[in-house]
Amino acid sequence: MQFTASQVAQLLQGTVEGNPEAIVSTFSKIEEAGPQSLCFIANPKYEQYLYETAAAVVVINSDYTLTAPVTATLIRVPNAYAAFAQLLQLYDEITKGQRKQGREAQSFVAENATVDETAYIGAFAYISENAVIGKNVQIYPNCFVGSNVHIADNTILYPSVTIYKDCRVGERVIIHSGTVIGADGFGFAPKADGSYDKIPQIGNVVIEDDVEIGANTCIDRATMGSTLIRKGAKLDNLLQIAHNVEIGSSTVIAAQAGISGSTKVGDRCLIGGQAGLVGHIQLANGTKINAQSGVSKSISKEDIAISGSPAFDYKSEMKSQIVFRNLPDMLDRIKSLEAKIQALEQKND
Amino acid sequence: MQFTASQVAQLLQGTVEGNPEAIVSTFSKIEEAGPQSLCFIANPKYEQYLYETAAAVVVINSDYTLTAPVTATLIRVPNAYAAFAQLLQLYDEITKGQRKQGREAQSFVAENATVDETAYIGAFAYISENAVIGKNVQIYPNCFVGSNVHIADNTILYPSVTIYKDCRVGERVIIHSGTVIGADGFGFAPKADGSYDKIPQIGNVVIEDDVEIGANTCIDRATMGSTLIRKGAKLDNLLQIAHNVEIGSSTVIAAQAGISGSTKVGDRCLIGGQAGLVGHIQLANGTKINAQSGVSKSISKEDIAISGSPAFDYKSEMKSQIVFRNLPDMLDRIKSLEAKIQALEQKND
Amino acid sequence: MQFTASQVAQLLQGTVEGNPEAIVSTFSKIEEAGPQSLCFIANPKYEQYLYETAAAVVVINSDYTLTAPVTATLIRVPNAYAAFAQLLQLYDEITKGQRKQGREAQSFVAENATVDETAYIGAFAYISENAVIGKNVQIYPNCFVGSNVHIADNTILYPSVTIYKDCRVGERVIIHSGTVIGADGFGFAPKADGSYDKIPQIGNVVIEDDVEIGANTCIDRATMGSTLIRKGAKLDNLLQIAHNVEIGSSTVIAAQAGISGSTKVGDRCLIGGQAGLVGHIQLANGTKINAQSGVSKSISKEDIAISGSPAFDYKSEMKSQIVFRNLPDMLDRIKSLEAKIQALEQKND
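Anyway, here's the lowdown on the structure attached to this text. Model, not experiment: these values are computed from the prediction.

**Examining the overall build of chain A**
Thinking step 1. On a plain count of helices and strands, chain A comes out with five helices and 40 strands.
Thinking step 2. On the principal axes, the C-alpha backbone points of chain A span a range of 100 × 75 × 30 Å.
Thinking step 3. Counting every position in chain A, which comprises 349 residues, the buried fraction comes to 56%.
Thinking step 4. Across chain A, contacts joining residues at least 24 apart in sequence account for 18% of those joining residues at least 6 apart.
Thinking step 5. Roughly 13800 Å² of accessible area belongs to chain A as shown, and the carbon and sulfur atoms make up 49% of that amount.
Thinking step 6. Each charge sign in chain A was given a centre, from 29 positive and 37 negative side chains, and these centres are 4 Å apart.

Next up, the structure:
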């Protein structure tokens, strides 16, 4: 497929700066662009590439001020990142081919499961008794759907997703491969002899509409009640979401973070990669947690940023980190002060 | 199912405080309780809910002193958490339905594998040559059991568990979905040109009785000998247990922790989430490791608590963390001291 | 199988010290050795065992100087670790049995996929349309190979590996169970109402020759272009490799580390367990990152070692850590100085 700069600009309702006939045939990152590449710049880190790129066309923010000549044709839009995302969506829609439908012969569907005829059930997928699978749901090979699980319309389970019994998955949810929904929460009662009794986990997991969950993530079922992932939350790979956790609407959690049992995360929070939260705390809406932070206390005020392990105010933590680097020097300064004081004290005696 | 408070009290050998005819029909967390809820309180964090709950019945410790009036009927027992666990076990036993038995048609069992007739082998499960599967073992769909693997009686493999060749799994073990037992340990010998030779991992993994392992955890096979998980250990989700590690009896490891090669963890240890241990160290029985800690040295004394990365004595680390938060202030105080000293020195000259 | 010390020495081109007729029948770690064990010593941590071992034969470095009498027969070689690795490879080659060939009946291979006749396709493995599977490739049960995926000769996918469409895997690659290659990168464009639009991830993953990847690792597909794992890289379990990351040749990454989007890691780097790298940075060749470090900036000089979160020079960080342990003492010293200064100031007034 080939497009001209002016065709692309029309799609994006942007304005062309340069040759409107410049031809593009592929999407590229600006640092890897070839002569027919369509690129974008949103992150200032990559600005330098604008002036050396071989790309034919670059989508860029309306308010960006050039600091040198550019050979690529520019398309100016209010938000280059969003506009480019829109182009990728269009491309993806066109190229991803027909949605799969129907049951592949080597799948297993329990007799009393209800599978909509527009759904795709891949080979080696297992749909247990009383499961309900909605319209246009895509269940790829090697998935397991437990008994009484409900999966609403237009949801996708990529290969090897496991959903234990009784869980609920909303509409337009995307779950990537290897993710496990509804395994037992980690609950044990210590006995007098030092060994443990298992505490049965009789709750479930509820995933609301428009959630996306990455690969190899674990969301444990509740001890009682539900572990809850609210509408539009975006969860990355390799997350640990423990029993009875609640994740707020449109909250974003980066890879390898872990949320301990019964903790409630508010709406629109941003949790960095490898961050950890203890159990039984609450985070207000809009809380931002830096990568690798360890959060040990509730945050009651909205839109606070925290960092560190244990975590506290982001800016303060950054300042402490700077001093931390110079601790050996600080110790030397104290030693020097001690020597001087001693000298002064002797003089004054 | 409905029960009265006095029926529940009888089961638990507890004493009723309030209406013995109060009716319960569901288990709930106290903060989510409705009018027919049976709840418990063990964690003091949740005490406040006792005085505002709509629950019909709350199980509570005998020695708990009320600080305000309560509308719920109370059942007093010596250990509310253990008593409630007992109720959940009973409920779970009654409701989980019949144990599955027999081979589903679409499974694969090698000709010379030995599968007890009371075992369940789900569709798309693969049992390799010379594997031995004990009584009442439940192997859910999409599991892989390698050649020469032995799985003892009453063990459960949830969907998509993989066990590589030669491993041993004890009785009453529970392994959750996506967990991989016996993949190659991470061993490579550097060559002169900077590339690596693989060191074959010819050992296995041995999991003793009554172990529970969460979802998407990895336990690597030994280079030689065995990686060993001792009786009653409880391992959470997404753990890394490297080659030749030993985990002691009744040790509990929270999610996303990692134990490096050849490290030996004692009995009854508690390892927090996202903690990491270097290789070739030993932890004494009863060691407690705080979440996100990094343990770089052996601990030879029993029942020590440590924290931090690198980890040291828990209480000392807490104190250092408090000072850490005020490091910028501390630097200012040093600067002020330096100025004052200089002034004094000039005066004294 | 039984061998004499002199036979083993001949294989390794080493020299025998002690009884050349000593018989070995098994490989053991030196701390677990029995009377017919063949062991090695390379790590000085284990030297003590040399003088108390029951092993028949120990492979040891030529330049090692005994500090006490030894009962085991020694075989001296220039590099004991490499020599022992060589023996294990030989043993592994002899004992691993015949390579599996051909398609098991319960597998699924799309009509227009191309599978070499020497390849093994296990039951419940799914090979999608237009996939190309090379010579001697081993695809174990429950694997999923997406459309247009190419897998080159002699590569092994252990059970339950998932490879999404369009990815490329080189020759002699080993991928362990549960690993997911090519799931969508984590990319979302925020909308005015606080919710997110998915950014389609139209790129792929390219894995070059001789790479080994552990269990339950995630390597996300690029937004555009390729996420790239270069020749001979060794990746451990439970890693997060985000979209558009590049991992250099012969770089080694330990378990549970995470590399954020678009970061480029050089050749021959060593990244410790649970380390995290932010996105859009570059690490020079030979960079060494301590376990649990958080890397927030590019490293432009080669062969640098860094530590901490945020990470800086390794040795400096170690020194700051030592002072950190004594922060409460340091605070006391400052208080004492302040008191003394005040006393001196009063005297001088």
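**Observations regarding helix H1 (residues 5–12) of chain A**
Thinking step 1. Within H1 of chain A the residues assigned to the buried category are Ala5, Val8, Ala9 and Leu12 of chain A. Projected onto a plane normal to the axis of H1 of chain A, the buried residues spread over an arc of 100° and lie on a single side.

**A look at the interface of chain C and chain B**
Thinking step 1. At the interface, 66 residues of chain C touch 76 residues of chain B.
Thinking step 2. Summing the contributions of chain C and of chain B, the shared interface buries around 5500 Å²; its carbon and sulfur component is 61%.
Thinking step 3. For chain C, the biggest contributors to the area lost against chain B are Lys29, Phe324 and Arg325 of chain C; these three give 10% of the whole.
Thinking step 4. Linking chain C with chain B are two salt bridges.
Thinking step 5. In this structure, the salt-bridge partner of Glu338 of chain C is Arg333 of chain B, at a minimum N-O distance of 2.8 Å.
Thinking step 6. Counting every contact that joins chain C to chain B gives 26 residue pairs in polar contact (both at pLDDT 80 or more).

**Looking at the sheet that holds strand E13 (residues 132–133) of chain C**
Residues and elements named next belong to chain C.
Thinking step 1. One open sheet holds the nine strands; their spatial order is E10-E13-E16-E19-E24-E27-E30-E33-E36, and the pairing between them is parallel. Every other strand in the sheet has two partners, leaving strand E10 (114–115) and strand E36 (282–283) as the edge strands with one partner each.
Thinking step 2. Summarising the sheet, E10 and E13 pair through two bridges and their orientation is parallel. By the bridge assignment, Val115 is partnered in E13 with Ile133.

**What to know about the pairing of strand E24 (residues 204–207) of chain B**
Consecutive side chains along a regular strand alternate between the two faces of the sheet.
All names here are of chain B.
Thinking step 1. Inspection of the sheet shows strand E19 (residues 168–169) paired to E24 by two bridges, in the parallel sense. Across the sheet, the residue bridging to Arg168 is Val206, located in E24.
Thinking step 2. Here four bridges tie E24 to strand E27 (residues 226–229), and the two strands are oriented parallel to one another. Opposite Asn204, over in E27, you have Ser226 as the bridge partner.

**Remarks on the packing of aromatic side chains**
Thinking step 1. This model, assessed by the stated rule, comprises 45 aromatic pairs over all chains.
Thinking step 2. Summarising the aromatic geometry, the rings of Phe108 of chain B and Tyr126 of chain B are spaced 4.2 Å apart at their centres and angled 10° between planes, so their arrangement reads as stacked. Highlighted residues: Phe108 of chain B in strand E9 (residues 108–109) and Tyr126 of chain B in strand E12 (residues 126–127), separated in sequence by 18 residues.
Thinking step 3. Classification of Tyr126 of chain B by relative accessible area gives buried; the value is 1%.
Thinking step 4. Here the aromatic residues Phe108, Tyr126, Phe144 and Tyr164 of chain A together with Tyr120, Tyr140 and Tyr158 of chain B are joined through ring pairs into a cluster of three or more.

**Re the packing of helix H3 (residues 314–325) of chain C against helix H4 (residues 327–348) of chain C**
Residue and element names in this part refer to chain C.
Thinking step 1. Packing of H3 against H4 leaves a shortest axis separation of 5 Å and a crossing angle of 65°. Between H3 and H4, the interaxial angle falls into the category roughly perpendicular. Of H4, the residues touching H3 (which contributes Val323, Phe324 and Arg325) are Leu327, Pro328 and Met330.
Thinking step 2. For the contact of H3 with H4, the per-class residue count stands at five nonpolar, no polar and one charged.

**Some thoughts on the relation of the copies chain A and chain C**
Thinking step 1. Laying chain A over chain C is done by rotating through 120° and shifting 0.0 Å along the axis; what remains is an RMSD of 0.1 Å. What the superposition gives is, in effect, a three-fold axis relating one chain to the other.

**Some thoughts on the interface of chain A and chain C**
Thinking step 1. Tallying the contact residues gives 65 residues for chain A and 75 residues for chain C.
Thinking step 2. Inspection of the chain A/chain C interface yields two salt bridges.
Thinking step 3. Between Glu212 of chain A and Lys198 of chain C there is a salt bridge, with its nearest N and O atoms 2.9 Å apart.
Thinking step 4. At the surface where chain A touches chain C, the tally comes to 27 residue pairs in polar contact (both at pLDDT 80 or more).
Thinking step 5. Contributions of two or more residues to the side of chain A that touches chain C are made by helix H3 (80–95), strand E28 (234–235), strand E31 (252–253), helix H4 (314–325) and helix H5 (327–348) of chain A.
Thinking step 6. If you tally residues by element for the side of chain A that touches chain C, the top one is H5 of chain A, at 12 residues.
Thinking step 7. Partitioned by chemical class, the residues of the side of chain A that touches chain C number 33 nonpolar, 17 polar and 15 charged.

**Comments concerning the pattern of salt bridges**
Residue and element names in this part refer to chain C.
Thinking step 1. Across all of its chains, the model carries 43 salt bridges over all chains by this definition.
Thinking step 2. Lys231 is paired through a salt bridge with Asp210; the nearest N and O atoms lie 2.8 Å apart. In this pair, Lys231 sits in the loop between strand E27 (226–229) and strand E28 (234–235) while Asp210 sits in the loop between strand E24 (204–207) and strand E25 (212–213), placing the two residues 21 residues apart along the sequence.
Thinking step 3. The class for Lys231 is partly exposed, based on a relative accessible area of 40%.

**Concerning the sheet that holds strand E8 (residues 102–103) of chain B**
All names here are of chain B.
Thinking step 1. Strand order in this open sheet of 12 strands is E8-E11-E14-E17-E20-E25-E28-E31-E34-E37-E39-E40, and the pairing throughout is mixed. Looking along the sheet, the strands with just one partner apiece sit at the ends: E8 and strand E40 (312–313).
Thinking step 2. Summarising the sheet, strand E11 (residues 120–121) and strand E14 (residues 138–139) pair through two bridges and their orientation is parallel. Bridge pairing in E14 places Ile121 opposite Ile139.

**Notes on the side chain of Thr263 of chain A**
Residues and elements named next belong to chain A.
Thinking step 1. Looking at the element boundaries, Thr263 is found in the loop between strand E32 (258–259) and strand E33 (264–265).
Thinking step 2. The class of Thr263 is buried, set by a relative accessible area of 0%.
Thinking step 3. Within the local environment of Thr263, its side chain forms a polar contact with the backbone nitrogen of His280, the two atoms lying 3.0 Å apart.
Thinking step 4. Discounting residues that sit within four places of it in the chain, Thr263 has contacts with Asn244, Val245, Glu246, Leu277, Val278, Gly279, His280 and Ile281.

**Remarks on empty space enclosed by the protein**
Thinking step 1. A full pass over the atoms with the stated rule returns four cavities of 30 Å³ or more.
Thinking step 2. Of the voids in this model, the largest cavity is the one considered here, and its volume is about 110 Å³.
Thinking step 3. Considered class by class, the residues forming the lining of the largest cavity number three nonpolar, 15 polar and no charged.
Thinking step 4. Around the second largest cavity, the lining residues are Asp184, Gly185, Phe186 and Phe188 of chain B together with His176, Glu212, Ile213, Gly214, Leu235, Asp236 and Asn237 of chain C.

**Remarks on the pairing of E27 of chain B**
Thinking step 1. Relative to strand E30 (residues 246–247) of chain B, E27 of chain B is paired through two bridges, and the arrangement is parallel. Considered in E30 of chain B, the bridge of Leu228 of chain B is made with Glu246 of chain B.

**A short note on helix H4 (residues 327–348) of chain B**
Thinking step 1. With 22 residues, H4 of chain B extends 31 Å from end C-alpha to end C-alpha; this agrees with the ideal 32 Å at 1.5 Å per step.
Thinking step 2. In the core, the buried residues of H4 of chain B are packed alongside H4 and H5 of chain A, helix H3 (314–325) of chain B together with H4 of chain C.

Analysis parameters
- Residues numbered from 1 in each chain as written.
- Chains lettered and ligands numbered in written order.
- Predicted model: local features only at pLDDT ≥ 70, side-chain atom pairs only at ≥ 80, totals over all residues.
- Heavy atoms only, no water.
- Helix = DSSP H or I, 4+ residues; strand = E, 2+ residues; numbered from the N terminus.
- Buried < 20%, exposed > 50% of the residue type's maximum accessible area, 1.4 Å probe, protein only.
- Contact = heavy atoms within 4.5 Å.
- Areas by Shrake-Rupley, 256 points an atom, 1.4 Å probe, with all protein chains shown as cover.
- Lys, Arg positive; Asp, Glu negative; His and termini not counted.
- Charge placed at Lys NZ, Arg CZ, Asp CG, Glu CD.
- Arc of directions from axis to C-beta.
- Buried area = accessible area lost by both parts, 1.4 Å probe.
- Salt bridge = Lys/Arg side-chain N within 4 Å of Asp/Glu carboxyl O.
- Polar contact = N/O pair within 3.5 Å; in protein donor to acceptor, adjacent residues only side chain to side chain.
- Pairing = 2+ DSSP bridges.
- Phe/Tyr/Trp six-rings, centres within 6.5 Å; stacked < 30°, edge-to-face > 60°.
- Axes fitted to C-alpha atoms, helices over the stretch in contact; angles between N-to-C directions.
- Parallel < 35°, antiparallel > 145°, perpendicular 65-115°, else oblique.
- Nonpolar A, V, L, I, M, F, W, Y, C, P; charged D, E, K, R; others polar.
- Least-squares fit on C-alpha atoms with pLDDT ≥ 70 in both.
- 1 Å grid on protein atoms, 1.4 Å probe; cavity = no way out; pocket = protein on both sides within 12 Å on 5 of 7 lines; lining within 4 Å.
- Points joined across faces, edges and corners; volume = space filled by probe spheres on them.
- Expected span 1.5 Å × (residues − 1).

Function-wise, these values are silent; they only describe arrangement.
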